[in-house]
Amino acid sequence: PPYAQAIMNSLDGNYDLWEERFGLTSRYWKQRNGSDHILVFSEPLQGLWHPKGKRGNFHYVETQKQLSSAIVISAEVSTTFVQMYPKCMAKNVLVPYPITDGRVYNGQLDEMARARRDMFLNHTSSGSNKTTAAPSTLLNDFMPVWYKAGVHGECVKLRVGIQRDYRCSTSQKIVDQMKKTTGNIAFHEGMRMATFCPSPGGDSPSAKRSYDAILAGCIPIILSHDFVWPFSTELPGNENVTSINPSEFSIRLPAANFSMPHHKKVPSCERI
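Residues numbered from 1 in each chain as written. Predicted model: local features only at pLDDT ≥ 70, side-chain atom pairs only at ≥ 80, totals over all residues. Heavy atoms only, no water.

### Notes on unusual backbone geometry
At phenylalanine 231, a residue that is not glycine, the phi angle is positive and equals roughly 55 degrees. Within the secondary structure layout, phenylalanine 231 lies in the loop between strand 5 (219-223) and strand 6 (251-252). (Helix = DSSP H or I, 4+ residues; strand = E, 2+ residues; numbered from the N terminus.)

What follows is the structure, given as structure tokens:
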């Protein structure tokens, strides 16, 4: 990419592309060779160039080599990287995925989910339908599990397995009944009506849905070995300081137990 090449050239003392692409003077970069600059990546760190066939830790490691021991503030890092390069990880900062929807924080999404739930309960109480869900004063107690996701990324078999299990669950029956009376359930509404929210990895080990679940009051079930919680005891150097303990607000289960090959010969819905 042209902007990445401009930065790489600057590290070698060639500032022509820097001034051309960014439209900025190279004066300030030259003062400290860019060491006081903040570079923003539009997705979890993958490198200033992206050779085909290279995935995972390769981009995270190579980018830092390119940036002369940069301090990286990233929304993602893998367990594998933490274990392989603990000293490198100790100098970096892992932060949560940014959730920018203001409705999350002002309670509007909670009210939308509560309104849908109450509409459904009012409809079923009239005797026109039957439901397996009992009225609840707590929003997240309405259904056991919420799961809605595509089949893509590095864990297709896992996502297929989760969908297969969920399709036969009590939660799916509740969702199907709600669709008939109140229409399709939005992603953020489903999370706010459930106790547990499975969170497999996507194109990378982490998933924004893990943070969405926490803000929705749903307990995330992490199904990714390489996912690391920020500001937690899962990071090197945090074991003996005031850090959050992921076991207090999330559950981590082995993804292999839920992948499609584990039960692909079992007839539909017999496994639940």
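Having seen the model, we can carry on.
### Examining the state of the cysteines
Following the criterion strictly, the structure yields 1 disulfide and no others. In this model, cysteine 197 is linked to cysteine 218 through a disulfide, with the two sulfur atoms separated by 2.1 Å. The S-S bond linking cysteine 197 to cysteine 218 shows a torsion near 110 degrees; that makes this disulfide right-handed. Here cysteine 218 lies in the loop between helix 12 (208-216) and strand 5 and cysteine 197 lies in strand 4 (residues 194-200), a separation of 21 residues in the sequence. The exposure class assigned to cysteine 197 is buried, which follows from its relative accessible area of 1%. (Disulfide = S-S within 2.5 Å. Buried < 20%, exposed > 50% of the residue type's maximum accessible area, 1.4 Å probe, protein only.)

### Considering the side chain of threonine 79
As for its placement among the helices and strands, threonine 79 is situated in helix 5 (residues 79-84). When sequence neighbours within four positions are dropped, the list of residues in contact with threonine 79 reads His225, Asp226, Phe227 and Val228. (Contact = heavy atoms within 4.5 Å.)

### Details of the environment of arginine 209
Locating arginine 209 in the fold gives a position in helix 12. The residues touching arginine 209, leaving out its near neighbours within four places in the chain, are Tyr147, Lys148, Ala149, Phe187, Met191, Pro198, Ser199 and Pro200.

### Digging into the confidence of the model for the chain
Averaged over every residue, the pLDDT of the chain is 81; residues scoring 70 or more account for 76%. Between residues 131-135, whose pLDDT stays under 50, and residues either more than four places distant or in other chains, the model counts 9 contacts. (pLDDT = per-residue confidence, 0-100.)

### Examining a nonpolar patch on the surface
Together, Ile71, Ile73, Val93, Phe231 and Ile244 line one region of the surface with nonpolar side chains, adding up to about 490 Å² of accessible area. Here isoleucine 71 is to be found in the loop between helix 4 (57-66) and strand 1 (73-74). A relative accessible area of 61% means that isoleucine 71 is categorised as exposed. (Patch = residues over 30% accessible without salt bridge, like charges linked within 9 Å, V, L, I, M, F, W, Y side chains within 5 Å. Areas by Shrake-Rupley, 256 points an atom, 1.4 Å probe, with all protein chains shown as cover. Salt bridge = Lys/Arg side-chain N within 4 Å of Asp/Glu carboxyl O.)

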